[in-house]
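# Summary of the model geometry
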Amino acid sequence: MDDTTELIQALAQQVVTMVKQSLRGAPDPRATTNLAWIETALRDVLRQVGAEALGQWLSSAQGTPEAERPCACGGTLQYQRIRPATVLSVFGRVTYERAYYAACTCGQGCAPLDEQYGLQPGRVSAGLSELLTLAGVELAFEHSRRWLKGFLLFDVSENTIRQETQALGQDQAVQETRLREQSQDTTWLQAHLRTGEPIPARLYGSLDAAKVRIEPRQKAEKQGEPEAWRDVKVGCWYEAEPVPPRQQSGRQRAVLERGQISQRATHIRYYCDLVEAKTFGELMWATGCAAQADLTRDLVFVCDGAAWIWNLITTHYPRAVQIVDWYHAADRLHRVAHAAFTQAAPRDRWLEHTTTDLWEGRVAEVIQACADLGAHCAEAQDALTYFTNNRARMRYDHYRAAGYLIGSGTVESSCKQIVTHRLKCSGAQWIVSGAVDTAKARAAWLSAEWTPVCMRWADLPLAI
Ligand SMILES: [Zn+2]
């Protein structure tokens, strides 16, 4: 048995004694035989031990203070005294002591230990911030409070959860501004052409939008958007990989039966904003440069696009392949069939026939089939326009031969995941900045980039 094991066993014994004492005082005599109560009481004692240990750690990291130190302004700070400070950590409130410097001509004070550990007295620690953000990107702030209390065993205000979550979104926005600047800089773009980073052989992109209810705060907003519904635009970059047969969904198996290898999106990176299409196009270009979209040999966009989406793609990536998401196109036929036919047999025959035509790339036949129904069916009339406008993006026979992922539902689900699941909770109403920050935080969480984002947020000296 090594020293650590012995030490842990001795500590555990003391913890057991403490928990026994606390449970003996419980109003219910069954407390000492109720495992859930014992577990919670143990966790709470360990939490208190953690808070004490973290405070001791930080205080002992202080060392002997120097008499003077350079100030950020270029002047000199004088040592004042050891001052206590409190932060909210994963163990609850933690108090520690550290050297405090002041008396520079600029009037600023400083505690070097706080800077070293990214501590802001009165605020939350990096570790707790990460947990609050994890809850805040998943649940409405008022719900995440209760949820967090169950795990943490202490209360964190709804406001703090909101603040930490949205701070991550703001951090994402700063990162995106940096990407946007470099992606518009000719020198950077020239160097980017010779990048040593791996370039994916084939990269996919998607764009979509969903509406969020905004609470008009300023006069200009009230005049501009009387309904207060605004589009959050969402985009993503991803690659594709074959799906192992055992993991295939019913929908994927149906595709397989049609003679297509089943694929799924992988390495997905999301971005989003609440801006005009042109500005969103700049974000698409900027994140695209980071994903090497401009350098890949095979760039494919799979969308169910409104006109602004295809326009942005054509503007920024004129050589990219444009595909209307197969499931959306097939769903159109489904809707027409149900609107135009009252009897099952002719409806199913029509649907089977047109779906096969679409799958085989015979879009002219599909357009004709809709035109034949169009005179007495509005749904068919709409579909006629839809298939006519998008016929060049529905060459599914070619796409299948090239092995493209023709419908992943990727961006549809990212809109659902970012906007519907988080920003459209019942009764949810946002101010613009809150909606944007929360959406960006959630996009970061859903992207493969979550860990580095949190590391950056924790203010660790990373080489990025
Ligand atoms: Zn100074």
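Everything quoted here is computed from the prediction, not taken from an experiment. (Residues numbered from 1 in each chain as written. Predicted model: local features only at pLDDT ≥ 70, side-chain atom pairs only at ≥ 80, totals over all residues. Heavy atoms only, no water.)

### Topic: the coordination of the zinc ion
Coordination sphere of the zinc ion, protein contribution only: C71 (SG), C73 (SG), C104 (SG) and C106 (SG), at 2.3 Å. For the zinc ion, the 4 donor atoms in the first shell make angles of 99 to 116 degrees at the metal, so the coordination geometry reads as tetrahedral. For the zinc ion, all donor residues lie on one chain, and their spacing in sequence is C-x1-C-x30-C-x1-C. (Donors = N, O, S within 2.8 Å, 3.2 Å for Na, K, Ca; no water. Tetrahedral: all angles 85-135°; square planar, octahedral: opposite > 155°, others 65-115°.)

### Thoughts on helix α11 (residues 307–316)
Taken together, the buried positions of α11 are occupied by I309, W310, L312 and I313. One side of α11 carries all its buried residues, which in axial view fall inside an arc of 160 degrees. When the buried face of α11 is taken as reference, the exposed residues oriented beyond 90 degrees from it are A307 and T315. In this structure, the buried residues of α11 make contact with β4 (202–213), α10 (277–290), β7 (298–303) and β8 (321–324). (Buried < 20%, exposed > 50% of the residue type's maximum accessible area, 1.4 Å probe, protein only. Helix = DSSP H or I, 4+ residues; strand = E, 2+ residues; numbered from the N terminus. Arc of directions from axis to C-beta. Contact = heavy atoms within 4.5 Å.)

### Structural notes on the sheet that holds strand β3 (residues 92–102)
Strand order across the open sheet formed by 3 strands is β1-β2-β3, with antiparallel pairing between neighbours. Of all the strands in the sheet, just β1 (68–70) and β3 have a single pairing partner and so form its edges. The average angle at which neighbouring strand axes cross in this sheet is 45 degrees, direction not considered. Here 3 bridges tie β1 to strand β2 (residues 76–89), and the two strands are oriented antiparallel to one another. By the bridge assignment for β2, P70 is matched with T76. Packing of helix α2 (residues 35–60) onto the sheet brings it into contact with β2 and β3, and relative to β3 it is tilted by some 10 degrees. (Pairing = 2+ DSSP bridges. Axes fitted to C-alpha atoms, helices over the stretch in contact; angles between N-to-C directions.)

### What to know about the confidence of the model for the protein chain
The predicted model of the protein chain averages 87 in pLDDT, with 89% of residues at 70 or higher. Low pLDDT, under 50, characterises residues 459–464; the stretch is placed with 3 contacts to residues that sit more than four places away or in other chains. (pLDDT = per-residue confidence, 0-100.)

### So, unusual backbone geometry
Glycine aside, residues mostly have negative phi angles, and peptide bonds mostly take the trans form. Here the phi dihedral of H267 falls at roughly 55 degrees; this positive angle occurs in a residue that is not glycine. Judged by its relative accessible area of 42%, H267 is partly exposed. In this model, Q292 sits at a positive phi of 65 degrees, which is unusual for a non-glycine residue. By secondary structure assignment, the location of Q292 is in the loop between α10 and β7. Residue class for Q292 comes out buried when judged on its relative accessible area of 6%.

### Concerning the pattern of salt bridges
Per the counting criterion, the structure on display carries 20 salt bridges. A salt bridge links R47 to D44, with the nearest nitrogen and oxygen atoms 2.9 Å apart. Of this pair, R47 and D44 both sit in helix α2, 3 residues apart, which is roughly one turn of the helix. The exposure class of R47 is buried, given its relative accessible area of 17%. On the accessibility criterion, D44 (24% relative accessible area) is partly exposed. Note that R347 is salt-bridged to D348, the shortest N-O span being 3.7 Å. When its relative accessible area of 18% is taken as the criterion, R347 is described as buried. Among the residues examined, D348 registers a relative accessible area of 43% and is labelled partly exposed. Residues joined in a network through salt bridges with shared partners are E176, D273 and K440. (Salt bridge = Lys/Arg side-chain N within 4 Å of Asp/Glu carboxyl O.)

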